[in-house]
Amino acid sequence: NAGVMQNPRHLVRRRGQEARLRCSPVKGHSHVYWYRQLPEEGLKFMVYLQKENIIDESGMPKERFSAEFPKEGPSILRIQQVVRGDSAAYFCASSTSGANVLTFGAGSRLTVL
Amino acid sequence: GENVEQHPSTLSVQEGDSAVIKCTYSDSASNYFPWYKQELGKRPQLIIDIRSNVGEKKDQRIAVTLNKTAKHFSLHITETQPEDSAVYFCAGHLFGNEKLTFGTGTRLTIIP
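Below, the structure is looked at part by part.

Rules of the game
- Residues numbered from 1 in each chain as written.
- Chains lettered and ligands numbered in written order.
- Predicted model: local features only at pLDDT ≥ 70, side-chain atom pairs only at ≥ 80, totals over all residues.
- Heavy atoms only, no water.
- Buried < 20%, exposed > 50% of the residue type's maximum accessible area, 1.4 Å probe, protein only.
- Helix = DSSP H or I, 4+ residues; strand = E, 2+ residues; numbered from the N terminus.
- Pairing = 2+ DSSP bridges.
- Core = buried A, V, L, I, M, F, W, Y, C linked by side-chain atoms within 4.5 Å.
- Contact = heavy atoms within 4.5 Å.
- Axes fitted to C-alpha atoms, helices over the stretch in contact; angles between N-to-C directions.
- Phe/Tyr/Trp six-rings, centres within 6.5 Å; stacked < 30°, edge-to-face > 60°.
- Lys, Arg positive; Asp, Glu negative; His and termini not counted.
- Salt bridge = Lys/Arg side-chain N within 4 Å of Asp/Glu carboxyl O.
- Polar contact = N/O pair within 3.5 Å; in protein donor to acceptor, adjacent residues only side chain to side chain.

**A closer look at the pairing of strand S7 (residues 65–68) of chain A**
Residue and element names in this part refer to chain A.
Stage number 1. Every second residue of S7 is oriented toward a common face, the buried set being Phe65 and Ala67 and the non-buried set Ser66 and Glu68.
Stage number 2. Pairing analysis gives four bridges linking S7 to strand S8 (residues 75–79), with the strands arranged antiparallel. The residue bridging Phe65 from the neighbouring strand is Ile79, located in S8.
Stage number 3. What sits between S7 and S8 in their antiparallel hairpin is a turn of six residues, with Gly73 showing a positive phi close to 100°.

**Considerations on the nonpolar core**
Stage number 1. Among the nonpolar cores identified, the biggest contains 23 residues, and Trp34, Met46, Leu77 and Tyr90 of chain A are the most heavily contacted of them.
Stage number 2. If you list the elements that add at least two residues to this core, you get strand S3 (19–24), strand S4 (31–37), strand S5 (43–50), S7, S8, strand S9 (88–95) and strand S11 (108–112) of chain A.
Stage number 3. Contacts of Leu77 of chain A, omitting those with residues within four sequence positions, involve Ala19, Arg20, Leu21, Trp34, Met46, Met60, Ser66, Ala67 and Tyr90 of chain A.
Stage number 4. Counting residues in each nonpolar core, the second largest holds 22 residues, with Ala19, Leu66, Leu75 and Ile110 of chain B among its members.

**Regarding the sheet that holds strand S3 (residues 19–25) of chain B**
Residues and elements named next belong to chain B.
Stage number 1. If you walk across this open sheet you meet the five strands as S1-S3-S8-S7-S6, and the pairing is antiparallel. With one partner strand each, in any of the chains shown, strand S1 (4–7) and strand S6 (56–59) form the two edges of the open sheet. Ignoring strand direction, the axes of neighbouring strands in this sheet form an average angle of 15°.
Stage number 2. Of the strand pairs in this sheet, S1 and S3 are connected by four bridges, and their pairing is antiparallel. Counterpart to Glu5 in the pairing with S3 is Thr24.

**What about the packing of aromatic side chains?**
Residue and element names in this part refer to chain A.
Stage number 1. One pass over the full model with this rule turns up 13 aromatic pairs over all chains.
Stage number 2. Seen in terms of ring centroids, Tyr33 and Tyr48 are 4.5 Å apart; in terms of plane orientation they differ by 10°. Their pairing is stacked. Here Tyr33, found in strand S4, pairs with Tyr48, found in strand S5; they are 15 residues apart in sequence, far enough to count as distant.
Stage number 3. The exposure class of Tyr48 is buried, given its relative accessible area of 1%.

**So, the side chain of Arg36 of chain A**
All names here are of chain A.
Stage number 1. Positionally, Arg36 belongs in strand S4.
Stage number 2. Of the side chains with opposite charge, Asp86 comes closest to the buried, unpaired Arg36, at an N-O distance of 4.2 Å.
Stage number 3. Within the local environment of Arg36, its side chain forms a polar contact with the side chain of Tyr90, the two groups lying 3.5 Å apart.
Stage number 4. With sequence-adjacent residues up to four places away left out, Arg36 is seen in contact with Gly42, Leu43, Lys44, Met46, Pro61, Phe65, Gly85, Asp86, Ala88, Ala89 and Tyr90.

Written as structure tokens, this is what we have:
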């Protein structure tokens, strides 16, 4: 079991570019969560998805951010027109059923120049 | 929604002593309280959790206590070792709301 796989681990983008972060959950897990962690801060919930459905996106900024979890393939967190304030570590987590015993990926560290 | 507060933000403890980290939650309907450990540059990892029908749970040197009346729960680490140095996050899960709300973290430093 490879656990939650995230890529890329590190991503550098210039202001205005797009960032795409990918997450493959633990095999058999159908629930995916994205959290953002700013330097020296905690984990802020962004979005919760099940296959082909966004269940809760209350933590997502209203603009530029979107997420999907297609029937086939990894979950994608997409940030359009990145700004310096988007620089953070983005963690994906998965579970078998709801927010119980989340398994986290190693994170994708986005740096916006 | 659920609000989880965590104290202290930093904690330094002599090796071999005990460390206690405390969290409070806002919604009495919360029913699941995990603790995660995050080493520098690494992913958060679950170290222990407790559900609302239990008052205390222990796993070797780590224990968690839950006071539902006061709406707070605590992590206790005994006989601390250098490898316990990390940031610890508490979290709360509100029944029917499928997400974990995390505390702001406690940076624990074990002094050799």
